Every structure is written in structure tokens, then in C-alpha cells.
Amino acid sequence: NVPSGQAIIFLEEDGANSIIIIGGSNNDWPEDLPSDLQKAIQTADVVLLQQEIPMRVNMAVAKCAKEAKVPVMMDIGGEERKLPTELLENVSLVSPNETELARMTNMPT
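Residues numbered from 1 in each chain as written. Predicted model: local features only at pLDDT ≥ 70, side-chain atom pairs only at ≥ 80, totals over all residues. Heavy atoms only, no water.

Trainee: Hey, could you run me through helix H4 (residues 98–105) in this one?
Mentor: For an α-helix, the turn length of 3.6 residues means that residues three or four places apart are oriented alike. Where H4 starts, the residue carrying a side-chain oxygen 3.0 Å from the main-chain nitrogen of threonine 99 turns out to be asparagine 97. Following H4 by one or two positions, asparagine 106 adopts a phi angle in the positive range, close to 55°. (Polar contact = N/O pair within 3.5 Å; in protein donor to acceptor, adjacent residues only side chain to side chain. Helix = DSSP H or I, 4+ residues; strand = E, 2+ residues; numbered from the N terminus.)

Dropping the structure here:
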């Protein structure tokens, strides 16, 4: 038993924000995906991944989904980190907000 993960968002007067992520149970995943989770992924209509989840879990889930021809959507909000090419090869759609898009592309939005 591990406490749930949390995210605390600080919004500044100018609209900028900062997020503190407390991993909690999100960081307590087993090394291999449990068989019941694999089945749920394989029979899903779509899978949504988030940066708050450990990258090794996102990678395993994305690979499982792609093998089953299930679309994978990646919400890149949360922890600011690069998305590995290996993950992106298994993702169907990336969903950034305006700030995240600017960060990903190094272009103004």
C-alpha cells in the first residue's frame, strides 16, 4: 500500500504555472505489466499515457497497445522530460498544450 500520486499546480498572475509532482503509487509499478492490465490494454479502444507515470511503464504500455493495434495518445503535460524515440514510435497522437508545443518544437506558438 502506497499513497496516491499528487500534482500541485501554482498559477501566477501572468498566467504562467509551475507544477510539483509527488509520484506516490505512480512510482510503485511492478517491472512487468500484470496479465490483467495487458488484457485491458489489448481490448481498449484507445490508451492515454501521461508524463506523471514512470517512463518505463509508459514504454511497456505503449508497446503492448501497438502490438494489439490499439491507438496510443500521449499527454505530454506534467513532468518536463524528453520523450524517447522508442516511445514516440509506439504513440499514435501527441497532445501538448500551447506551452508544451513551444517547448517540443523550439518555435513560438
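Moving on from the model shown.
Trainee: Explain the confidence of the model for the protein chain to me, please; I cannot follow it from the model alone.
Mentor: In this model, the protein chain carries a mean pLDDT of 89, and residues with pLDDT of at least 70 account for 100%. Mean pLDDT in the protein chain bottoms out at strand S2 (residues 17–22), which sits at 82, and peaks at helix H1 (residues 35–42), which reaches 97. (pLDDT = per-residue confidence, 0-100.)

Trainee: Any chance you could explain the nonpolar core here in plain terms?
Mentor: Nonpolar side chains in soluble globular proteins generally cluster together in the buried interior. Among the nonpolar cores identified, the biggest contains 19 residues, and Ile41, Val47, Leu49, Val61, Met74 and Leu87 are the most heavily contacted of them. Where this core is concerned, the elements lending two or more residues are strand S3 (47–50), helix H2 (55–67) and strand S4 (72–75). The leading source of residues in this core is H2, at 7 residues. Not counting chain neighbours up to four residues away, the residues in contact with methionine 74 comprise Leu49, Gln50, Gln51, Asn58, Leu83, Leu87, Val91, Leu93, Val94 and Ser95. (Core = buried A, V, L, I, M, F, W, Y, C linked by side-chain atoms within 4.5 Å. Buried < 20%, exposed > 50% of the residue type's maximum accessible area, 1.4 Å probe, protein only. Contact = heavy atoms within 4.5 Å.)

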